[in-house]
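# Structure assessment
Spelled out, the chains give:
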Amino acid sequence: KQKLIDIISEEGNTIKNYLNKVSNIYDSNIYDKEFVNIHVCLNEAIERVSKNFYNKININSNFDPSIPSIAFSKVQLIECLINILNNAIETNKDNKIFITTKINHDMYVRSEDLQKVLKLPIHIKILDYGAGVDEKIEQFMFYPFVTNKTNSDGLGLTYANIIISKNGGYLKYEKEKEGTAFNIFLPLNNLRSS
């Protein structure tokens, strides 16, 4: 009888922790926006992910130096990038990733979720050469707790999607001929620091 009560209590705490995590994601206005360089954020995310995987990953990049700083929480942007990179690495047998950034002032993205056309000229593409996300969960991949990994709570991509959306951007997953890509589209900020 006590063993059953302990199991129920432990599972109840697990559910409570998951609910707190999801609640914190949706209420994540803790950090103030600042002007950040996306390449500095990408390099920090790459460095942290490389340490976690003991430098067993091969990340190549092609960054567009003309991209201006944007208003975003540096902490949150780095966390989004880490979550996306982790996902790309975990579904990639070769551990090869290619990251590109570019700016296209004529870029408009149609958001299926928002039913809007958004002007999002800043494009970050994280391409991996793995099989990608399982087709059974692909359409639900940004929902909380959706994962096909055994040691995951399924909140990494949910976090990235919500934070990018809250900052006026759009996160899109696409299968490509050579692999799969997470595309982050962000707006230019017309704010000027005083």
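Here we summarise the structure given alongside this text. Note that the coordinates shown come from a computational prediction; the quantities given were computed from them, not determined experimentally.

Let us look at helix H5 (residues 156–166). By the criterion of burial, H5 is predominantly enclosed, with eight of the eleven residues buried. Turning to H5, its buried residues are Leu 157, Thr 158, Tyr 159, Ala 160, Asn 161, Ile 162, Ile 163 and Ile 164. A positive phi of about 80° marks Gly 168, the residue just after H5.

Before going further, it helps to examine the pattern of salt bridges. This model, assessed by the stated rule, comprises five salt bridges. Here Glu 44 makes a salt bridge to Arg 48, at a shortest N to O gap of 3.9 Å. Taken together, the residues span about one helical turn, with Glu 44 and Arg 48 both in helix H2 (residues 38–52) at a distance of four residues. Here Arg 48 falls in the partly exposed class, since its relative accessible area comes to 37%. Across the pair Lys 51 and Glu 47 runs a salt bridge, and its minimum N-O distance is 3.6 Å. Of this pair, Lys 51 and Glu 47 are both found in helix H2, four residues apart, which corresponds to roughly one turn of the helix. Residue Glu 47 is classed as partly exposed on the basis of its relative accessible area, which comes to 47%. Shared partners join several salt bridges into a network, and the residues in it are Glu 44, Arg 48 and Glu 79.

Formed by 41 residues in total, the largest nonpolar core has its most connected members in Ile 84, Ile 99, Ile 126 and Leu 186. Once you skip the residues sitting within four places of it in the chain, Leu 186 turns out to touch Ile 38, Ile 70, Phe 72, Leu 120, Pro 121, Ile 122, Ile 124, Ile 164 and Gly 169. One finds Val 109, Leu 118, Tyr 170 and Phe 185 within the second-largest nonpolar core, a separate group that totals five residues.

What follows deals with the packing of aromatic side chains. Summed over all chains, the structure comprises one aromatic pair. When the ring of Tyr 173 is compared with that of Phe 182, the centres are 5.1 Å apart and the planes differ by 55°; the resulting orientation is tilted. Cation over ring: Lys 96 sits above Tyr 129, and NZ or CZ is 5.4 Å from the ring centre.

The rules we used
- Residues numbered from 1 in each chain as written.
- Predicted model: local features only at pLDDT ≥ 70, side-chain atom pairs only at ≥ 80, totals over all residues.
- Heavy atoms only, no water.
- Buried < 20%, exposed > 50% of the residue type's maximum accessible area, 1.4 Å probe, protein only.
- Helix = DSSP H or I, 4+ residues; strand = E, 2+ residues; numbered from the N terminus.
- Salt bridge = Lys/Arg side-chain N within 4 Å of Asp/Glu carboxyl O.
- Core = buried A, V, L, I, M, F, W, Y, C linked by side-chain atoms within 4.5 Å.
- Contact = heavy atoms within 4.5 Å.
- Phe/Tyr/Trp six-rings, centres within 6.5 Å; stacked < 30°, edge-to-face > 60°.
- Lys NZ or Arg CZ within 6 Å of the ring centre and 35° of its normal.

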